[in-house]
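# Architecture and fold: a report
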Amino acid sequence: MKTKNIFDYPLFALGFRAFFVLAGLSALMLIVLWNAIFKGELVHANYFVPNLWHAHEMLLGYSVAVVAGFLLTAVKNWTGRPTLSGDQLGSLCLLWLYGRILPFYAGLLPDGLIALVDFLFLPLLAYRVSLPILQAKQTVNLVFVAILLVLAAGNGLVHAQMLGWTNASANLGIGLVLATLVVLILVIAGRVYPFFTERAISGTMVTKNPLIEGLSIASAVLVFALQLAHVSGTGLAVAAIIAALANFARVYGWYVPRIRYVPLLWVLYVGYGWIITGFGLTALAAYQLVLPSLALHAFTVGGIAVVTLGMMARVSLGHTGRALRVSNAIALAFVLINVAALLRVLLPIALPNWYDWLVYGSTLCWLAAFALFIVVYLPILTQARIDGQEG
């Protein structure tokens, strides 16, 4: 009889399981560590400087883990071909995990090794995602492989500066990664939001306007391209206003009032709303009316975090054979992550003197939201499907 190893358990049956667990745990641990580092309570050698570490880990650690889990699961659905599972999936998870741990061993390990381990994850993920897509001859889905490679390029720019190969490429790399993640959310939203809405609300038929669909993506790409090129002022403001309006028109076309009664839907729509808010704040920041960091956190704490938490909750239920209904605890988590964004993004505009307290409150809400996710979903993600199917 073959002895089971750890990779034979349900946690490694399909990509969303292991990577969503890693994402949820990292969302907790990274913020706890960052809070200690920010306050000076934790001083430890690190490959990255503190602010860069925080940005890198939230985007290329937490966010990329969610992307990995989603794509490894979605590509199997799209193509009908198997994606990673078992020890191969476990090995990819370990590579991601080593990328989070090794920066704390700077001075003990060569910088080149730390950079290589972290950098390899995205190209390897892109390769593994591309195989079933190519086998199924679904060339349209290769756009997601391209997006993973752009994320890898951004990560490479970060490491190039840390290794001394460039003088100032890290911020460009982080900006490229942020832009790519937001655009990825907009692309995926066009695929799944209408479908999710029609499935959850009987009698609903969502129609998409091709012109608005194209403009919403193109205008977002233009905004981020201008920012990466250090263009500000009227040019950036006009582009950001167009992006905000186009994306508002897009999501308004999908919206039906009954969405507000379905937590798995409203959390995704509110997350999209934070991205629209990010474009609005970008326009204001172009004229120095608000701090650019507020727009940044509208995209990250608001858009990325809210959407990814909602997507993890829905995907986990659907792919473990459960009804698409969340518990009161997870509905509360959805509220808390949005309160975290409100405290971090909008209230500092009205209450600038309370900034430190608002950030502290935002941190507590973030931690509570992801703690609820882990408590509720860890048993779901580590147990076999309740309908007896694979995955």
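First things first, this report covers the structure right here in the doc. (Residues numbered from 1 in each chain as written. Predicted model: local features only at pLDDT ≥ 70, side-chain atom pairs only at ≥ 80, totals over all residues. Heavy atoms only, no water.)

### Here we look at the side chain of Asn141
Our working rule: Per the convention used, a helix needs a DSSP run of H or I reaching at least four residues, while a strand needs a run of E reaching at least two, with both numbered from the N terminus. The contact rule is simple, with two residues in contact once any of their heavy atoms fall within 4.5 Å.
Looking at the secondary structure, you find Asn141 in the loop between helix H4 (111-135) and helix H5 (142-162). Sequence-distant contacts of Asn141, that is, excluding residues within four places in its chain, are made with Trp78, Ile133 and Arg191.

### Considerations on the packing of H5 against helix H6 (residues 170-200)
The angle between the axes and the distance between the axes are what describe a pair of packed helices. As a reminder of what qualifies: Note on geometry: axes are C-alpha line fits, over the in-contact stretch for helices, and angles between N-to-C directions span 0 to 180 degrees. Here roughly perpendicular refers to angles of 65 to 115 degrees, roughly parallel to angles under 35, roughly antiparallel to angles over 145, and oblique to all remaining angles. A crossing counts as left-handed when the near helix is turned anticlockwise from the far one by less than a right angle, and as right-handed when that turn is clockwise. Each residue gets one label: Ala, Val, Leu, Ile, Met, Phe, Trp, Tyr, Cys and Pro are nonpolar, Asp, Glu, Lys and Arg are charged, and the others, such as Gly, are polar.
Here H5 crosses H6 at 165°, and the two axes come no closer than 7 Å. If you check the angle between H5 and H6, you find them roughly antiparallel. In terms of crossing hand, the pair formed by H5 and H6 is left-handed. For the contact of H5 with H6, the per-class residue count stands at 16 nonpolar, 6 polar and 1 charged.

### Concerning the nonpolar core
Rules: Definition of nonpolar core: a set of buried residues of the types Ala, Val, Leu, Ile, Met, Phe, Trp, Tyr and Cys, connected through side-chain atoms within 4.5 Å. Working definition: with a 1.4 Å probe on protein chains only, accessible area under 20% of the residue-type maximum means buried, over 50% means exposed, and in between means partly exposed.
In terms of nonpolar packing, the biggest core is built from 144 residues, with Phe19, Phe121 and Trp366 touching the most fellow members. Ignoring sequence-local partners within four residues, the contact set of Phe121 consists of Phe19, Val64, Ala68, Leu92, Leu95 and Trp96.

### A look at a nonpolar patch on the surface
The condition that has to hold: Residues with no salt bridge and a relative accessible area higher than 30% make up the patches, which join like charges within 9 Å and nonpolar side chains (Val, Leu, Ile, Met, Phe, Trp, Tyr) within 5 Å. Accessible areas in this description were obtained via Shrake-Rupley with a 1.4 Å probe; residue shielding takes into account the shown protein chains only. Any Lys or Arg side-chain nitrogen located within 4 Å of an Asp or Glu carboxyl oxygen qualifies as a salt bridge.
Together, Leu94, Leu97, Tyr98, Ile101, Tyr105 and Leu108 make up an exposed nonpolar region whose accessible area comes to about 560 Å². With respect to the secondary-structure elements, Ile101 resides in helix H3 (residues 86-101). On the basis of relative accessibility, which here comes to 36%, the residue Ile101 falls in the partly exposed class.

### Points about helix H2 (residues 50-79)
For the record, the criterion: Each helix should span, by expectation, one fewer than its residue count multiplied by 1.5 Å. Given a residue, its bend is the angle between the two axes fitted to the seven residues that end at it and to the seven that start from it.
Helix length check: H2 (30 residues) gives 41 Å between terminal C-alpha atoms against 44 Å at 1.5 Å per residue, within 8%. Its maximal kink placed at Val64, H2 deviates by approximately 35°.

### A look at the packing of helix H1 (residues 15-38) against H2
Two elements in contact, H1 and H2, have axes separated by 8 Å at closest approach and are oriented at 165°. The angle between H1 and H2 falls in the class roughly antiparallel. Crossing hand, H1 versus H2: left-handed. Grouping the amino acids of the contact of H1 with H2 by side-chain chemistry returns 19 nonpolar, 6 polar and 1 charged.

### Observations regarding the packing of aromatic side chains
Going by this rule: What counts as a ring pair is set by centres within 6.5 Å for rings of Phe, Tyr and Trp (its six-membered ring), and what kind of pair is set by the plane angle: stacked under 30 degrees, edge-to-face over 60, tilted for all other angles. In this scheme, the term charge over a ring applies when either NZ of a lysine or CZ of an arginine sits within 6 Å of the ring centre and within 35 degrees of the ring normal.
Using the criterion set out here, one finds 21 aromatic pairs in the structure. When the ring of Tyr193 is compared with that of Tyr269, the centres are 5.4 Å apart and the planes differ by 45°; the resulting orientation is tilted. One end of the pair, Tyr193, is in helix H6; the other, Tyr269, is in helix H9 (residues 263-286), and 76 residues separate them in sequence. Here the two residues Tyr193 and Tyr269 agree in accessibility, since each one is buried. Each member of the aromatic cluster is reached from another via a ring pair, and the members are Tyr193, Trp254, Tyr255, Tyr269 and Tyr272. Residue placement shows Arg100 over the ring face of Trp96; its charged tip is 5.2 Å from the ring centre. Taking NZ or CZ as reference, Arg191 lies 4.7 Å from the ring centre of Trp78, over its face.

### As for the side chain of Thr73
Relative to the elements of secondary structure, Thr73 occurs in helix H2. What makes Thr73 buried here is its relative accessible area of 1%. In this view, Thr73 contacts Leu14, Gly15, Phe16, Val315 and His319; residues no more than four positions away in its chain are not counted.

### Some thoughts on the pattern of salt bridges
Once the charged atoms of two side chains with opposite charge are near each other, the side chains can pair. Inspection of every chain in the model, using the stated rule, returns 4 salt bridges. Here Arg250 and Glu213 are joined by a salt bridge, their closest N and O atoms 3.0 Å apart. Of this pair, Arg250 sits in helix H8 (residues 233-254) while Glu213 sits in helix H7 (residues 210-228), and the two are 37 residues apart along the sequence. When its relative accessible area of 4% is taken as the criterion, Arg250 is described as buried. Salt bridges linked by common partners bring Glu57, Arg100 and Asp118 together as one network.

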